Structure formats: structure tokens, C-alpha cells
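The primary structure of each chain is shown beneath.
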Amino acid sequence: MSLLGASASTSAPASSSSLFTFARSDGDPEQTSIKQLNMDPTPDASKFVNFHVRIAVGSKQDEAMRAKIGAGIAELMGKGDTKRTKYTIANWPEHYLFLEHNKGTLGNVRKDRYIYGSKNVKQFRSALEIIPHLYWLLTDESLHHASNCKCQYAGKYSRGGKSNTAASTAAPFKKRKRRASGCSEPEQEIARGRDGDVRLTRRYRDGEVVWAAVKPIQGENGQIYFWPARVLGTEFKVHTTPATETEPFMTVQHYVYDVKLLATGSIAKRLQTELIPTLAYNPSPDLFEIVPFSFPRDLVMPPYFAPSAPSTAFPQLDSLSLEAAITPYAYALQVSATLQQTWTLTDKYIVAGGKGDGYQGVWLGAERIWVGDLVRLKRGREALAPGVDLPAPRHGAEARTLFLKIARILRVALKSDSGSNAAVDGAAEAQCRVRGDLYELVPSSSEVVPPPPAHAGAAPLPPPPPDLAFSLVNKPATSVEFNFQEVAGRYYPGLVGHVELDKPISPVLQRDAEADAEANEKASQHMHALCGVAPAHDGVTMQAIEWFGARSAALEHSQSQAGEAMRNLWASHKEAYELGDNAEDESVEALIL
């Protein structure tokens, strides 16, 4: 199964429609009402099913519901003729989900659609029910549901002259405060998205930059099989096939990712097997020799090179030739490469005793890392923790990656020349440090030192590579601490199977092997390191050296730097062309590729 043929479009409808966009939401971050639902489609012994499934954003059912809601909101706003102007909602409010309830005996299953996610209302059963609620979200900055919302569940709205008294449904759900695993402060709430990222089996996280497979873009000078992309969101899809006389009932589950192809106007859907980590692949350098010669013959600068170019200025990837695609491709690589040099701490909390600041997460280059993650380290134990009494590597572990399960991310003030603590707020006057337990990979048949007892709610270790096991290195009652710059990046379980170590796991990447054996061999080596069966080296570590206070600032910086590099390349090529210099343009070497 592949989604490479899927239309590259956003979840919003055509630009001719008028859109309502939700900048605020009463959504429940913990999605309490949704967690109570059964998502397992497996029938019982009597072939009876009772489960919910998410309706995909952009599907016909989703677009029809959003259009119906948009038309209703427009009427409440007095927008006039809704038959001539098509109104719709561009997005669901944050934490809302549109679900389909399947209930009944196989072959006679009833399907009803509901909207979940509000912390004030358990569920909405129709567009008519939710229209006044979403109108309230758009117009009331106070978000005081009980007194200002006109939906029937606020206890104030009436239909047909009869007041609705569904008190049990209208009552807000109590927000359950959860302790953030690994944080010593008991009142610290877990950051949104962290628990799911650490525990779930999905390989990629929202906001990360990855390689996305595209339909092969081929020409005389090479081919493009993967494009840098940013993950926008993820859906968990469940497909069921009823039992037949020859085949049993089957359930197929997989993740589908919405990705934004960098330096283009294209948004696409990809399966997990059609994405690979940023550090797992390098394109052939031969491609970039044709970058300067792909510029327009009239020497007019491409519009998306301009500073603050709108998204509409970037080309759509569909049907581009290699010569037309190579320029935005180089631009996209420049954005990705620049972003890999940045890092940003997130979800701050105050460490007890005033010993600096604690953080639940960090953006390390292209990757999202949390407290509770098992991460790869750049160097061996002797360099990381000098003077700490640690046992020597066992059973060939020195030829594999060393890991740290992060328990703390700390930012501590450095001592100034006068001996006083420098301000922690300045990046130059503070150092980011990580603390936790060290693990090595040993044969599963050997003696394995188990992890120390975990406190309630802590995420377990991820699965190790086949025939190997994670073995604790430091003593159970101790931990190690060192500079965060020693972290190489995320660990990717399942990238490479034990008996297939010489082959990439992605069938799309195997296709690339047929066209470029050398690049594939390098990608295979990189994947070995990313899944821990080979030590980290320069090609598979995030070289994040530039600190930003917010991820949005790092993204803007990467886009800005990439645009400046491409403008300089274009100016250099234009100057050489106007002077009649037909020699090979070497200015492309200035790009970070």
C-alpha cells in the first residue's frame, strides 16, 4: 500500500470558499471523553462490533460536515446569501476529533458520526448541535461557556421553545492533573503531546523534519526520490475486512502522516514506510551541479526567493521536471540543513532549590525530544562521564550506540570569573545538561542488567533491535549527567531488521538502491546507527549549535537563511551570465547541503 499517488492538498477546501479559522478552543488537552471510547474494531464471539474510528481530515464526510457548519455560522453572523458564497470551517478547534461510531453485527453495522473533544460538552451529535457552540468559540474571547454559549448543552439555548436540561452532558469534565514523568516537582503537569510521543509506536512526531518519498522525478542528470518535509499531523487508520469462507476477519492498522513538502506549496499524505528520518539519507551531490543552470533563462529571480514570500509563491511539486524541481529542492535542503543546526528548550518549570530551570522537552535540530525518551549519544562512556565509576563495555557494546534514558533536562548557570552565578536567561551564560541512566546494547542471550524500578507513570524502554537487549550501565541508585551537546539524536526502533541489516527497511528506499547503489549503501549505514546497532558518527548526529528561544523563531531563521543563500546563488549566476562567463558556476558550494 502506498499514498504516493494521493493528491497533495491541504485540509482546507478550495480557495473560492470563505473560511472560518479557530484561533482558540475549549478543547480538552487530555481528550478525556475520547479516551473513554473503544477504538478496537475486533468483533466479539457473536460477531458484534462497537468501536469508534476517526474520520480523516479532507475526506468527503469531513468536508461535507465542515461546509454544513460553516454555512450555519455564516447565517448566525448575518453573512447574507450563503447559496452564492460557500462558507466552511478551515479546521476543527484544537483537540476536537470527528469520529464515526460503528455498532452492530457484522454485515448490519450502524454508523453514526459525532464530534468529540470539548471539555464542556461530551459530544455533539450533528452540525445543528455544534454550530452555536463553534460560533461562540469564534466570537467570545472570555470562553465562558455556561453564560455566553448558546448551544443546547450550555443550559441556556432552547429548541422549539423547550429548554434543554442535559445537566450531566453540559457539566464540564474535571481536568485531571498528571505528574510529568521525570520531574521532581509533583505539581508539574505533563506537556501536551509528550506522553503520546514517548509511548506511542508512531515513528515521527508533529513538527519534525523528515524525508518524504515522492513520485520519482528523473532527468538526464539524476533523480529525486525523497523530499525534505515537515510533519503537520498524524492519523491512526484502521481497516477491517469481514470474514469469508476462505479468509478470516482481518484488521489492518497503520499511521498516515500529513506532511508539508518544504519550499513548495504541496501538502501530502504519506504512510510511515514512505518517510525516513532526516539523518538516514543523503541525496547524490551530482544533482546540485545543475542548480545554477535551472534558473529562468530571462534571469528573472524566482518569486519564492524574495524575503517573506507568501506560501502561494512556491511551486506545486506535481508534474515538475527534474530541471524545474531542482531549484526548490536545493532550497528545501537548505532550510532543512539550517534547521538541523538549531536547538530550543520547551515546557519550562522551576527546579526545587533554585538550581536552575528544568524543561520537559527540546527541539534538537529536526527532531523532537522529551524527558522519558531513550536517545543516542555521540561518544562512549569514558568521554561522557570522566571520573565516574562505570563498568567497561560488555559483549561488543563498544561497537554499538550508547544510550541515555532522559530523566531531567536542566539549564544551569555557569560560574563567572568572579565566582558568582551568571544569569540563566542568557544562552551564552548557561549550559543545558541532561541527566538519566546509561544503557548499552548486548546480546539478549547474555546477562542483562535490568533498568531500575520506575516510578508510577514512567514510560518503559522502547523495544531493542532484534536479538539484542538494553542493559543498564550505571548503578541503579545513581545517574549520570553531562552536556546536552553529547546527544546525537533520537533512537528509531524497527528501522532495520536483524536479518536484513544490509538492506533498508523502506521498499521505497530499496527502489532508490536500484538507481544509486552508493547513496543507498550510505543510507543503510546511517540507519544502522539510528537504530543503535552501529556507533554514532558525524553523519548521523544533529549538529545543533545555535540556540533559539522558540521553535517558531528557529523555523523563521531557517527559512530566511535559505532564502538569502538562494538569492546570493542566483545573483552570482546572473552576474556570470551577463558577463558572458560560461564557465561552471561554483557558487552552489556556498549552500549548506
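Let us now look at the overall build of the chain. In terms of regular secondary structure, the chain is built from 11 helices and 22 strands. In the chain, buried positions account for 48% of the 593 residues. Summarising the internal contacts of the chain: among those between residues at least 6 apart in sequence, 69% fall at separations of at least 24. A total of about 28,700 Å² of accessible surface is found on the chain, and carbon and sulfur atoms cover 51% of it.

Once that is clear, we can look at the pairing of strand β13 (residues 342-350). In terms of strand pairing, β13 meets strand β22 (residues 546-547) through two bridges, oriented parallel. Paired with T342 across the bridge in β22 is E546.

Moving on, we get to the nonpolar core. I224 and W227 are the most contacted members of the largest nonpolar core, which has 83 residues in total. Excluding residues that lie within four positions of it along the chain, I224 makes contacts with V214, K215, P216, I217, L287, L322, A325, I326 and Y329. Ranked by size, the runner-up nonpolar core spans 25 residues in total, among them I89, Y96, W136 and L137.

Pairing is antiparallel in the open sheet, where three strands are placed in the order β2-β4-β5. In this open sheet, the two edge strands, each paired with only one partner strand, are β2 (48-54) and β5 (108-116). Looking at each pair of strands side by side, their axes are set apart by 20 degrees on average, direction ignored.

Let us look at the packing of aromatic side chains. For the structure shown, the criterion picks out 19 aromatic pairs. Aromatic side chains W211 and Y281 sit 5.2 Å apart centroid to centroid with 85 degrees between the ring planes, which places their arrangement in the edge-to-face category. In this pair, W211 sits in strand β8 (residues 209-219) while Y281 sits in the loop between β12 (275-277) and α7 (322-339), placing the two residues 70 residues apart along the sequence. Under the relative-accessibility criterion, W211 is labelled buried at 6%. For Y281, a relative accessible area of 5% gives the class buried. The interplanar angle of 50 degrees and the centroid separation of 5.9 Å between the aromatic rings of Y304 and Y331 together place this pair among those described as tilted. Of this pair, Y304 sits in the loop between β12 and α7 while Y331 sits in helix α7, and the two are 27 residues apart along the sequence. Comparing Y304 with Y331 shows no difference in burial state: the two are buried.

Within the chain, S308 stands out as a residue other than glycine whose phi angle is a positive 55 degrees. Inspection of the secondary structure assignment puts S308 in the loop between β12 and α7. Backbone geometry places D467, a non-glycine residue, at a positive phi of 65 degrees. Along the polypeptide, D467 turns up in the loop between β18 (430-443) and β19 (468-472). D467 sits in the partly exposed class, given a relative accessible area of 47%.

Before going further, it helps to examine the pattern of salt bridges. Under the criterion given, the structure shown has 16 salt bridges. A salt bridge links E208 to R490; the shortest N-O distance between them is 2.9 Å. Taken as a pair, E208 in the loop between α6 (194-199) and β8 and R490 in strand β21 (residues 487-490) lie far apart in primary sequence, 282 residues in all. Overall, the relative accessible area of 1% leaves E208 in the buried class. Its relative accessible area of 6% is what places R490 among the buried residues.

So, about the packing of helix α2 (residues 60-76) against helix α3 (residues 127-139). Contact pair α2 / α3: the axes reach a minimum separation of 9 Å and the direction vectors enclose 60 degrees. Taken together, the axis directions place α2 and α3 in an arrangement best described as oblique. Classified by chirality, the crossing of α3 by α2 is right-handed. Facing M65, K68, I69, G72, I73 and L76 of α2, the residues of α3 in contact are A127, I130, I131, P132, L134, Y135 and L138.

It is worth spelling out α2 at this point. Every α-helix winds through 3.6 residues per turn, so residues three or four apart in the chain are directed the same way. Counted at 1.5 Å a residue, the expected span for α2 with its 17 residues is 24 Å, and the 25 Å between its end C-alpha atoms agrees. Taken residue by residue, α2 has D62, M65, R66, I69, G70, G72, I73 and A74 as its buried positions. Looking at the packing, one finds that the buried side of α2 touches β1 (18-20), β3 (87-89), β4 (97-105), β5 and α3. Two residues or fewer after α2 comes G78, characterised by a positive phi angle close to 70 degrees.

Another point: the environment of L374. Within the element layout of this structure, L374 appears in strand β16 (residues 374-377). A relative accessible area of 7% means that L374 is categorised as buried. A sequence separation of 88 residues divides L374 from P462, and the C-alpha atoms of the two residues are 7.5 Å apart. Sequence-distant contacts of L374, defined by excluding residues within four places in its chain, comprise F403, L404, K405, Y439, L461, P462, F470 and Y491.

Conventions used here
- Residues numbered from 1 in each chain as written.
- Predicted model: local features only at pLDDT ≥ 70, side-chain atom pairs only at ≥ 80, totals over all residues.
- Heavy atoms only, no water.
- Helix = DSSP H or I, 4+ residues; strand = E, 2+ residues; numbered from the N terminus.
- Buried < 20%, exposed > 50% of the residue type's maximum accessible area, 1.4 Å probe, protein only.
- Contact = heavy atoms within 4.5 Å.
- Areas by Shrake-Rupley, 256 points an atom, 1.4 Å probe, with all protein chains shown as cover.
- Pairing = 2+ DSSP bridges.
- Core = buried A, V, L, I, M, F, W, Y, C linked by side-chain atoms within 4.5 Å.
- Axes fitted to C-alpha atoms, helices over the stretch in contact; angles between N-to-C directions.
- Phe/Tyr/Trp six-rings, centres within 6.5 Å; stacked < 30°, edge-to-face > 60°.
- Salt bridge = Lys/Arg side-chain N within 4 Å of Asp/Glu carboxyl O.
- Parallel < 35°, antiparallel > 145°, perpendicular 65-115°, else oblique.
- Left-handed = near helix turned anticlockwise from the far one by under 90°.
- Expected span 1.5 Å × (residues − 1).

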